[in-house]
Amino acid sequence: MTVERSESAHPDASRTMMAKSKLPAAAFLAAALCGLTASQAFADAEFESFIRDMWPRAKQAGISRELFDRAFAGVTDPDPDVLKLANNQPEVTSTTSKYVSKAVTPVRIETGQSMKASEQELLAAIEKRYKVDRNILLAIWGMESNFGRDKGQMRVMRSLATLLYSGNKKDYAREQYVAALKILKTGIVPVKSFTGSWAGAMGHTQFIPTSYLNFAVDWTGDGRKDIWNSKEDALASTANYLAKSGWKNDRPWGWEIKLPAKFNRSLIGRSNWRPVADWVKLGIVPARGGKFGAPKADAFIMVPQGVDGPAFLVTRNFMAIMDYNQSHSYALAVGHLADRIRGGQPFVSTWPDVDYDLSAAQRIEMQKLLIKRGFDTGGADGRFGARTYEAILGFQTKAGLRLDGTPTAALLERLRRGS
């Protein structure tokens, strides 16, 4: 996309931009009357050309030209809201505790409990077939669409075309674009109703197009896998997704735990899976007391906001939730909301302040240096979550440093030195 930066301040800028835009004068004047700059009108023309160039890939996937044209009818410009959301990196001050507090609210807990009662027969039947905890399904439903109240109103095809055109998720959008056309090809949903989130997630539980093709089921038996209008199909589809991602109903997603005073912190992280019974032998106990269930289930210790914050022993079920959304904060929020809907209590431990004396650039640099040394931070966006803390502990272990898991300026300097 061409961006004109300096010429707009010049008295003759409009004539210069019109010449560069290669638009007919009438089109330029129409754009001006609509409050658009020539560069914006030109970008729209480029976008329409870009959409036309998407046709060969659709044809190769077995999509008819008639369907392709219907799918993109009226799509003449990128969606600015999609670009804003797609290109917005997480705030460096964002924390797991802030995410969980916004996701697990009293209203959402109460609504989940109400839905659990009113949909008891449906949830019991789905749980019986797929062996997935009904409280987890309710938690996902609540977090994804506020129990069906907010399924998203953005046009899926425009959103995906926007991401393909100029977003930072082009590989994702390329795969989803073809899958979305295949959904339209089934006739399950008309183009005008093919709406969702900025990333093309749809329906009660916000399936992306590929997830729909792979996991959607027709629970009601009406011949339609309707995740948009049928909560029954949507919840059953979500249960099918989790079951195929490895969910087992003989264990929970995890537990909040208390670490022994002299616990070996090098054992924290997903590189240290071991049976729950083995963790008990090492002194790990539930934060609220009592005993763990599922002693044979594999689990690892997670510290999503550093070693001074709440710690969790999470099972493979936690990873099944992460298959649904690759975020530790999301998976923890789903698990905790499910527990609260079940009647459980808030977390025991207090979330610590993690206002480290590092700039955004330094946070990103630290993550990049950790990745360079073979420690997976889950990306380099400046946001410190479970993976970054695990990576810091891993580096400290290898370097023979004190295992405090704290990202400091001194640690960054040590990483810079490469020692």
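Residues numbered from 1 in each chain as written. Predicted model: local features only at pLDDT ≥ 70, side-chain atom pairs only at ≥ 80, totals over all residues. Heavy atoms only, no water.

Trainee: Just to check I follow, could you spell out the overall build of the protein for this structure?
Mentor: Summing up its helical and strand segments, the protein has 20 helices and 7 strands in all. A buried classification covers 49% of the 419 residues belonging to the protein. Look at the contacts in the protein between residues 6 or more apart in sequence, and 66% of them connect residues 24 or more apart. Taken as a whole, the protein presents about 20,100 Å² of accessible surface, with 50% of it coming from carbon and sulfur. (Helix = DSSP H or I, 4+ residues; strand = E, 2+ residues; numbered from the N terminus. Buried < 20%, exposed > 50% of the residue type's maximum accessible area, 1.4 Å probe, protein only. Contact = heavy atoms within 4.5 Å. Areas by Shrake-Rupley, 256 points an atom, 1.4 Å probe, with all protein chains shown as cover.)

Trainee: What is the right way to read the environment of Lys-182 from this model?
Mentor: Locating Lys-182 in the fold gives a position in helix α12 (residues 170–186). For the pair Lys-182 and Ala-58, spaced 124 residues apart in sequence, the C-alpha separation works out to 9.1 Å. Leave out the neighbours within four places in its chain, and Lys-182 touches Ala-61, Ile-63 and Leu-213.

Trainee: Can you help me understand the confidence of the model for the protein in this one?
Mentor: Do not read the predicted coordinates in detail wherever pLDDT is low. Of all residues in the protein, 88% attain a pLDDT of 70 or more, and the chain-wide mean is 88. Of the regions scoring below 50 in pLDDT, residues 1–43 engages in 35 contacts with residues more than four places distant in sequence or in other chains. Confidence drops under pLDDT 50 across residues 89–93; counting only partners more than four residues distant or on other chains, this segment forms 10 contacts. (pLDDT = per-residue confidence, 0-100.)

Trainee: It is not clear to me how the pairing of strand β7 (residues 311–315) should be interpreted in this structure. Could you clarify?
Mentor: Side-chain positions along a regular strand alternate between the two faces of the sheet. Among the 5 residues in β7, 5 count as buried, and that is most of the element. Side chains Ala-311, Leu-313 and Thr-315 of β7 all project onto a buried face; the interleaved residues Phe-312 and Val-314 project onto the opposite face, where all are buried too. The sheet contact formed by strand β3 (residues 254–258) and β7 spans 4 bridges and is antiparallel. The partner of Glu-256 across the bridge, within β7, is Phe-312. Where strand β6 (residues 298–302) and β7 come together, 4 bridges link them in antiparallel fashion. If you follow Phe-300 over to β7, its bridge partner there is Val-314. (Pairing = 2+ DSSP bridges.)

Trainee: Which parts of the structure should I look at to understand the environment of Lys-291?
Mentor: Along the chain, Lys-291 turns up in the loop between β5 (285–286) and β6. Lys-291 sits in the exposed class, given a relative accessible area of 80%. Note: C-alpha distance between Lys-291 and Val-280 (11 residues apart in sequence) is 9.1 Å.

Trainee: Got a minute to help me understand the pattern of salt bridges in this structure?
Mentor: Two side chains bearing opposite charge may form a pair once their charged atoms approach each other closely. Under the definition given, this model contains 17 salt bridges. A salt bridge links Arg-158 to Asp-79; the nearest nitrogen and oxygen atoms lie 3.8 Å apart. Of the two residues, Arg-158 sits in helix α11 (residues 156–166) while Asp-79 sits in the loop between α5 (65–71) and α6 (80–86), which places them 79 residues apart along the sequence. Ionic pairing is found between Glu-390 and Arg-270, a salt bridge with its closest N-O pair at 2.7 Å. You can see Glu-390 sitting in helix α19 (residues 386–399) and its partner Arg-270 sitting in the loop between β3 and β4 (274–275), a full 120 residues away along the chain. For Glu-390, a relative accessible area of 13% gives the class buried. On the accessibility criterion, Arg-270 (17% relative accessible area) is buried. One network of salt bridges, with partners in common, ties together Asp-77, Asp-79 and Arg-158. (Salt bridge = Lys/Arg side-chain N within 4 Å of Asp/Glu carboxyl O.)

Trainee: It is not clear to me how the packing of aromatic side chains should be interpreted in this structure. Could you clarify?
Mentor: The geometry of an aromatic ring pair is captured by two quantities: the separation of the ring centres and the angle between the planes. Going through the model one piece at a time under the given rule, you end up with 23 aromatic pairs. On the numbers, 5.3 Å between centres and 45° between planes, the contact of Tyr-212 with Trp-228 is tilted. You can see Tyr-212 sitting in helix α13 (residues 209–215) and its partner Trp-228 sitting in the loop between α13 and α14 (231–244), a full 16 residues away along the chain. In this pair, the class of Tyr-212 matches that of Trp-228, namely buried. Between Phe-384 and Tyr-389, the aromatic rings sit 6.4 Å apart at their centres with planes inclined by 80°, giving edge-to-face as the arrangement. Each member of the pair, Phe-384 as well as Tyr-389, carries the same accessibility label: buried. Each residue in the set Trp-253, Phe-312, Phe-318, Phe-347 and Trp-351 is aromatic and connected to the rest through ring pairs, giving one cluster. (Phe/Tyr/Trp six-rings, centres within 6.5 Å; stacked < 30°, edge-to-face > 60°.)

Trainee: Would you explain the environment of Lys-258 in this entry?
Mentor: Mapped onto the elements of the fold, Lys-258 is located in strand β3. Of the residues examined, Lys-258 reaches a relative accessible area of 56% and is grouped as exposed. Residue contacts for Lys-258: discarding those within four places in its chain leaves Gly-283, Ile-284, Val-285, Pro-286 and Ala-287.

Trainee: What's the story with the packing of α14 against helix α16 (residues 316–324) in this structure? I'm lost.
Mentor: A pair of packed helices can be characterised by two numbers: the angle between their axes and the separation between those axes. Packing of α14 against α16 brings their axes to within 9 Å, and their N-to-C directions diverge by 125°. The angle between α14 and α16 falls in the class oblique. In terms of crossing hand, the pair formed by α14 and α16 is right-handed. Contacts between α14 and α16 involve Thr-238, Tyr-241 and Leu-242 from the first element and Ala-320, Ile-321, Asp-323 and Tyr-324 from the second. (Axes fitted to C-alpha atoms, helices over the stretch in contact; angles between N-to-C directions. Parallel < 35°, antiparallel > 145°, perpendicular 65-115°, else oblique. Left-handed = near helix turned anticlockwise from the far one by under 90°.)

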